[in-house]
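# What the coordinates show
The residues making up each chain are set out below.
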Amino acid sequence: MELYLIRHGIAEEHRPGLKDEVRQLTPEGREKTEKIAQRLVKLGFHFDLILTSPLVRAYQTAEILIGAGLSSQLEASDHLSFEGDIQNWWQEWLKPRNYPQKTKLALVGHEPSLSHWAEILLWGEAKESIILKKAGMMGIKLPDDGSPLGRSQMFWLTQPKYLL
């Protein structure tokens, strides 16, 4: 299975009275995310499912990916919000679904959670070494058998500026 970890686009800044979970993409964030999505289509990317954090900025990012034709299936999951834990996600969400090995799954979420998830998949622990930029994407190949934690391989990591 291939996992694509995608960070949400540029969002409104924190400010008093604005709850974090309702922060939206800025016009610039929306525009850049749309351009990146179009570039991913041109590069031949397609996801069987896009799973997103329910927070507004991540969900808007996922909707842009859907609108560009990168997938036709979108689902929200609390596992991808800030409190999400990859081991819980693996046991409660992914493992029971028993997807075929050729599945391509995009996960749209937040930092530092996505980077921590990537590090746990790659090295078995979060090392605070990877930073995923806004609207950036990382591809990770999960092993064909058993738990992927600490046994996966990264095959794609690019800064958004190279996709614009």
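In every chain, residue numbers begin from 1 and rise along the written sequence. Local features in this predicted model are restricted to residues whose pLDDT is 70 or higher, and side-chain atom pairs enter the listing and the counts only when it is 80 or higher, whereas totals over whole chains, interfaces and linings include all residues. Neither water nor hydrogens contribute to the side-chain values; these are computed over all heavy atoms in the structure.

As annotated in an unreviewed UniProt entry, the chain carries the name Phosphohistidine phosphatase SixA and comes from Dolichospermum planctonicum CS-1226.

Let us look at the overall build of the chain. Elements are defined by DSSP. Helices are runs of H or I of four residues or more, strands are runs of E of two residues or more, and each kind is numbered from the N terminus. Scanning the chain from N- to C-terminus turns up four helices and six strands. When the helices and strands of the chain are listed from N to C terminus, the series reads β-α-β-α-β-α-β-α-β-β. The size measure is the radius of gyration over C-alpha atoms, and the globule rule it meets is 2.2 Å times the number of residues to the 0.38 power. Computed over C-alpha atoms, the radius of gyration of the chain comes to 15 Å, within 12% of the 15 Å expected from 2.2 N^0.38 for 164 residues, which places it in the range of a compact globule. Across its three principal axes, the chain shows a C-alpha extent of roughly 45 × 35 × 30 Å. Each residue is assigned to one of three classes by its accessible area relative to the maximum for its type, calculated with a 1.4 Å probe on protein chains only: buried under 20%, partly exposed between the two thresholds, exposed over 50%. Residue burial in the chain is summarised as follows: out of 164 residues, 46% are buried. When the accessible surface of the chain is totalled, it reaches about 8,500 Å², and 47% of it is carbon and sulfur. Positive charges come from Lys and Arg alone, negative charges from Asp and Glu alone, with His and the N- and C-terminal ends not counted. Every charge is mapped to an atom, namely NZ of Lys, CZ of Arg, CG of Asp or CD of Glu. Seen as two clouds, the 20 positive and the 21 negative side-chain charges of the chain have centres 6 Å apart. Each accessible area value is a Shrake-Rupley result obtained with a 1.4 Å probe; residue values ignore everything except the protein chains displayed when judging cover.

We now examine the pairing of strand β2 (residues 49-52). The alternating pattern of β2 places Leu 49 and Leu 51 and Ile 50 and Thr 52 on opposite faces, both of which are buried. Strand pairing is assigned whenever DSSP detects at least two bridges linking the two strands. For β2 and strand β3 (residues 74-76), the ladder comprises three bridges, and the chain directions are parallel. Residue pairing in the sheet places Thr 52 in a bridge with Ala 76 of β3. Here is how to tell: hold the view so the strands point away, follow the path from the first strand over the helix to the second, and if it runs clockwise the crossover is right-handed. Where the polypeptide runs from β2 across helix α2 (residues 56-67) and back to β3, its parallel neighbour, the crossover connection is right-handed.

The next subject is the nonpolar core. Only buried residues count toward a nonpolar core, which is a set of Ala, Val, Leu, Ile, Met, Phe, Trp, Tyr and Cys residues joined through side-chain atoms within 4.5 Å. Grouped together as the largest cluster of nonpolar side chains are 24 residues, with contacts concentrated most on Trp 89 and Leu 107. Those elements that place two or more of their residues in this core are β1 (2-7), β2, α3 (86-97), β4 (104-109), α4 (113-123) and β5 (137-141). Tallying contributions element by element places α4 first for this core, with six residues. When neighbours within four sequence positions are excluded, Trp 89 is seen to be in contact with Leu 3, Leu 51, His 79, Leu 94, Leu 105, Leu 107 and Trp 117. With 19 residues, the next largest nonpolar core counts Leu 25, Leu 65, Val 108 and Met 137 among its residues. By the convention used here, residues are in contact when the closest approach between their heavy atoms is within 4.5 Å.

Now for the sheet that holds β5. Spatial ordering of the open sheet is given by β3-β2-β4-β1-β5-β6, a layout of six strands whose pairing is mixed. Where the open sheet ends on each side, the last strands, each with one partner, are β3 and β6 (153-158). Going across the sheet, the axis of each strand differs from the next one's by a mean of 20 degrees, ignoring polarity. Each axis is a line fitted through C-alpha atoms, taken for helices only over the stretch in contact, and angles between the N-to-C directions span 0 to 180 degrees. Sitting on the sheet, α4 touches β1, β4, β5 and β6, and the angle it makes with β1 is about 155 degrees.

Let's shift gears to the environment of Gln 38. Within the secondary structure, Gln 38 is located in helix α1 (residues 27-42). Along the chain, Gln 38 and Lys 134 lie 96 residues apart, while their C-alpha atoms are 16 Å from each other.

As a further point, take α2. Helix length check: α2, at 12 residues, gives a terminal C-alpha distance of 16 Å against a target of 16 Å (1.5 Å per residue), a fit within 8%. Against the buried residues of α2 lie β1, α1, β2, β3 and β4. In the segment just after α2, Gly 69 is the residue with positive phi, at about 95 degrees. A helix is expected to span 1.5 Å multiplied by its residue count minus one.

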